[in-house]
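So you can see what is in the structure, the chains are spelled out below.
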Amino acid sequence: MILAVWGKSLAYVCFLTLLLRGVTGKYNKNTRKSLPAMPKLITQHGYPAETHTVATDDGYILTMHRIPYSPLSNSTDTARPVVFLQHGLISSSVDWVIMGPGNGLGYLLADAGYDVWMGNARGNMYSTRHNKLSAMLPTFWSFSWHEMGVYDLPAEIDYILTNTTQKSLRYVGHSMGTTMFYVLMSKKPEYNAKISRMIALAPVAFLRNTKSPFASITKLVPSGVLFDMVSNWPFFPNKKFSNGLLEAFCKRGTITQKMCTNTLFQIGGFNSNQLNQTMLPTILHYFPAGSSMKAWRHYGQLISSGRESAAPEAAQLGVSRNCSSGIQPL
């Protein structure tokens, strides 16, 4: 009981401390220089990897990573079924491969014969460029998952289908990655024809019953034009100081390791069987990967209002017939 109370308090303290660091720091200058290039995480295991960039209609330059085939395959034939993986809030394409072959979903899908593409939403550590704006400017960060759904996903999907000569692809979204998809299908329903199947992992449609400190704090954030002007900043960017602090705090064998895991449980829900404590320092080297404060605040609006996101509207437009409701093959 005492540990739970301390964990909940610590979650607030850690959150506010890292949020302050994210808001006041300069994003580009503090991005971790020790972070190896994402493709190396893949190629070090003998898998081929590619890096692709695509520009959105509103000028953001996004980075995508690709595993075109598995070394376990007998052929490098490029005419493979395409699957696109989209990460959640303050995450990146690293999420799909960080656990290594045999565990990471990116590897598992490649081994199963898929051409695997992994997106990076605007604002994370791999997508902080713009045709005209610098990431040092507040105007760069004036976006939410709404813009990610309206601009990022169409640009990435069209690029992938063009470069693979495929007519459609499988879409796997996690958390915010599902919200982005719902927005896309709500605002641009014609993209439904380009998705052969959508798999939603931890889908976010409404947040009325959310109780985690990480989410609950959003209800306390003030609103209004003035706050909107000063809230255009990165949210949990990948920084040497903050990520290094988390790595040390969560290192296995330290006296703070249990407090670390309890803090994570307070944020994301308790499930000790699904938390690899040995891998935590490695995971926290890459996570959090950054996003915009407005993306987080947008979820706060859903919590406060109790209203659904774009999911119900998307379902009415036909998205539901492509959504997976059970354990089915891609």
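Computed from a predicted structure; not experimentally measured.

Draft legend 1. Broad picture of the overall build of the protein chain. Helix and strand content of the protein chain: 13 helices and nine strands. Within the protein chain, the fraction of its 330 residues that count as buried is 50%. For the protein chain, restricting intrachain contacts to residue pairs at least 6 apart in sequence, the fraction spanning at least 24 positions comes to 80%. Put simply, the protein chain shows about 15,400 Å² of open surface, and 57% of that area lies on carbon and sulfur atoms.

Draft legend 2. Structural view of the confidence of the model for the protein chain. Mean pLDDT over the protein chain works out to 78, with 68% of the residues at or above the 70 mark. This model gives residues 1-33 a pLDDT under 50, and the stretch forms 69 contacts once residues within four places in sequence are excluded. Within the model, the stretch residues 311-329 combines pLDDT values under 50 with 27 contacts to residues more than four positions away or in other chains.

Draft legend 3. Inspection of helix H6 (residues 176-187) at higher detail. In this model, H6 (12 residues) spans 16 Å end to end at C-alpha, consistent with the 16 Å of a helix rising 1.5 Å per residue. When you tally the buried positions in H6, you get 11 out of 12 residues, the bulk of the element.

Draft legend 4. Helix H5 (residues 145-164), seen in detail. Between the first and last C-alpha of H5 there are 26 Å, a value that for 20 residues agrees with the 28 Å anticipated at 1.5 Å per step. Its maximal kink placed at Asp-152, H5 deviates by approximately 30 degrees, while the proline Pro-154 follows within four residues. Thr-165, located one to two residues past H5, shows a positive phi value of around 55 degrees.

Draft legend 5. Seen up close, the packing of aromatic side chains. Considering all chains together, one arrives at nine aromatic pairs under this definition. Ring geometry for Tyr-47 versus Tyr-107: centroids 4.8 Å apart, planes at 65 degrees, classification edge-to-face. Highlighted residues: Tyr-47 in the loop between helix H3 (38-43) and strand S1 (50-55) and Tyr-107 in helix H4 (residues 105-111), separated in sequence by 60 residues. Exposure class is identical for Tyr-47 and Tyr-107. Each is buried. Taking 6.4 Å as the distance between ring centres and 80 degrees as the angle between the ring planes, the aromatic pair formed by Phe-140 and Phe-143 counts as edge-to-face.

Draft legend 6. Expanded view of the pattern of salt bridges. Under the definition given, this model contains five salt bridges. The salt bridge partner of Arg-122 is Asp-58, with a shortest N-O separation of 2.8 Å. You can see Arg-122 sitting in the loop between strand S4 (115-118) and strand S5 (129-130) and its partner Asp-58 sitting in the loop between S1 and strand S2 (60-67), a full 64 residues away along the chain. Owing to a relative accessible area of 1%, Arg-122 belongs among the buried residues under this scheme. A salt bridge links Asp-115 to Arg-66; the nearest nitrogen and oxygen atoms lie 2.6 Å apart.

Draft legend 7. Geometry of the pairing of S4. What you see with S4 is no split at all: Asp-115 and Trp-117 on one side and Val-116 and Met-118 on the other are buried throughout. With four bridges connecting them, strand S3 (residues 82-86) and S4 associate as parallel partners. The partner of Val-82 across the bridge, within S4, is Asp-115. For the segment spanning S3, H4 and S4, crossover handedness is right-handed.

Draft legend 8. Geometry of the pairing of strand S6 (residues 169-174). In the sheet, S3 pairs with S6 via four bridges, with the strands oriented parallel. In the strand pairing of S6, Leu-85 is matched with Val-172. Sheet topology places S6 next to strand S7 (residues 195-201); six bridges connect them, and they run parallel. Bridge pairing links Leu-169 to Ile-195 in S7.

Draft legend 9. Main features of the environment of Ala-55. When you line up the elements, Ala-55 lands in strand S1. Look at Ala-55 and you get partly exposed, because its relative accessible area is 42%. Spatially, the C-alpha atoms of Ala-55 and Tyr-159 are 9.5 Å apart, while their sequence positions differ by 104 residues. Once residues lying within four places of it in the same chain are set aside, the contact partners of Ala-55 are Tyr-60, Ile-61, Asn-131 and Ala-155.

Draft legend 10. Inspection of the packing of H5 against H6 at higher detail. Viewed as axis vectors pointing N to C, H5 and H6 meet at an angle of 80 degrees, and their least axial separation amounts to 8 Å. It follows from the interaxial angle that H5 and H6 lie roughly perpendicular. For the pair H5 and H6, contact is made by Trp-145, His-146, Met-148, Gly-149, Val-150, Leu-153, Pro-154 and Ile-157 and by Met-176, Thr-179, Met-180, Phe-181, Val-183, Leu-184 and Lys-187, respectively.

Draft legend 11. Focus on unusual backbone geometry. Of note in the backbone geometry, Ile-90 takes a positive phi value of approximately 50 degrees without being a glycine. Residue position: Ile-90 is located in the loop between S3 and H4. Despite not being glycine, Ala-202 shows a phi value in the positive range, around 50 degrees. One can find Ala-202 in the loop between S7 and helix H7 (213-216).

About the cut-offs
- Residues numbered from 1 in each chain as written.
- Predicted model: local features only at pLDDT ≥ 70, side-chain atom pairs only at ≥ 80, totals over all residues.
- Heavy atoms only, no water.
- Helix = DSSP H or I, 4+ residues; strand = E, 2+ residues; numbered from the N terminus.
- Buried < 20%, exposed > 50% of the residue type's maximum accessible area, 1.4 Å probe, protein only.
- Contact = heavy atoms within 4.5 Å.
- Areas by Shrake-Rupley, 256 points an atom, 1.4 Å probe, with all protein chains shown as cover.
- pLDDT = per-residue confidence, 0-100.
- Expected span 1.5 Å × (residues − 1).
- Bend = angle between axes of the 7 residues up to and from the residue.
- Phe/Tyr/Trp six-rings, centres within 6.5 Å; stacked < 30°, edge-to-face > 60°.
- Salt bridge = Lys/Arg side-chain N within 4 Å of Asp/Glu carboxyl O.
- Pairing = 2+ DSSP bridges.
- Right-handed = clockwise from strand over helix to strand, strands pointing away.
- Axes fitted to C-alpha atoms, helices over the stretch in contact; angles between N-to-C directions.
- Parallel < 35°, antiparallel > 145°, perpendicular 65-115°, else oblique.

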